[in-house]
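Coordinate inspection notes
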Amino acid sequence: MILIDPPLWPAHGRVWGHLVSDSSLAELHDFAARAGMPERAFDRDHYDYPVERRAELVALGAVEVSTRELITRLRASGLRVTAAQRRG
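The model shown is predicted, which means the values in this text are computed figures rather than measured ones.

So, the overall build of the protein chain
Within the protein chain, the regular secondary structure consists of four helices and five strands. Along the chain direction, N to C, the helices and strands of the protein chain fall in the order β-β-β-α-β-α-β-α-α. Its C-alpha atoms give the protein chain a radius of gyration of 12 Å, within 12% of the compact-globule value 12 Å for 88 residues. In terms of overall dimensions, the protein chain has C-alpha extents of about 30 × 25 × 25 Å along its principal axes. In the protein chain, which comprises 88 residues, the share counted as buried stands at 36%. Here the analysis covers contacts within the protein chain between residues at least 6 apart in sequence; of these, 59% occur between residues at least 24 apart. By element, 55% of the accessible surface of the protein chain is carried by carbon and sulfur atoms, the whole surface being about 5200 Å².

In structure tokens form, the structure reads like this:
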């Protein structure tokens with residue numbers, strides 16, 4: 001399932017949220033490609049999306065969840081990249 005959390009993170013003059021899969025990176029990349037998301041939006045275990053794309057992504061099938069739920073499901077899937085892994 002593709003999950004989307006609320007856009008809460010300001011950067012580069014926009015507000016961003018996260019798009020993840022709770023089952024596989026292949027599912028995530030397929031969804032992102034169908035949504036026309038650029039590869040540069042991928043960050044190891046998620047895609048960053050700007051607030052203005054939220055409704056479109058939900059219409060394509062992304063399921064809205066809280067940030068806490070998104071992280072919980074990403075960890076449970078085994079796909080979560082930790083801060084330590086990002087540094088290493």
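Regarding the pattern of salt bridges
For the structure shown, the criterion picks out nine salt bridges. The partner of Glu-64 in a salt bridge is Arg-54, with the nearest N and O atoms 3.0 Å apart. Note that Glu-64 is positioned in strand S5 (residues 63-64) and Arg-54 in helix H2 (residues 54-59), a separation of 10 residues in sequence. Here Glu-64 falls in the partly exposed class, since its relative accessible area comes to 49%. Residue Arg-73 pairs with Glu-69 through a salt bridge whose shortest N-O separation is 3.3 Å. Of the two residues, Arg-73 and Glu-69 are both situated in helix H3 (residues 67-77); the distance of four residues between them amounts to about one turn of the helix. Residue class for Arg-73 comes out partly exposed when judged on its relative accessible area of 23%. A relative accessible area of 31% places Glu-69 in the partly exposed class.

Basis of the calculations
Residues numbered from 1 in each chain as written. Predicted model: local features only at pLDDT ≥ 70, side-chain atom pairs only at ≥ 80, totals over all residues. Heavy atoms only, no water. Helix = DSSP H or I, 4+ residues; strand = E, 2+ residues; numbered from the N terminus. Rg over C-alpha atoms; globule rule 2.2 N^0.38 Å. Buried < 20%, exposed > 50% of the residue type's maximum accessible area, 1.4 Å probe, protein only. Contact = heavy atoms within 4.5 Å. Areas by Shrake-Rupley, 256 points an atom, 1.4 Å probe, with all protein chains shown as cover. Salt bridge = Lys/Arg side-chain N within 4 Å of Asp/Glu carboxyl O.

Remember that the coordinates give geometry; whether it matters functionally is a separate question.
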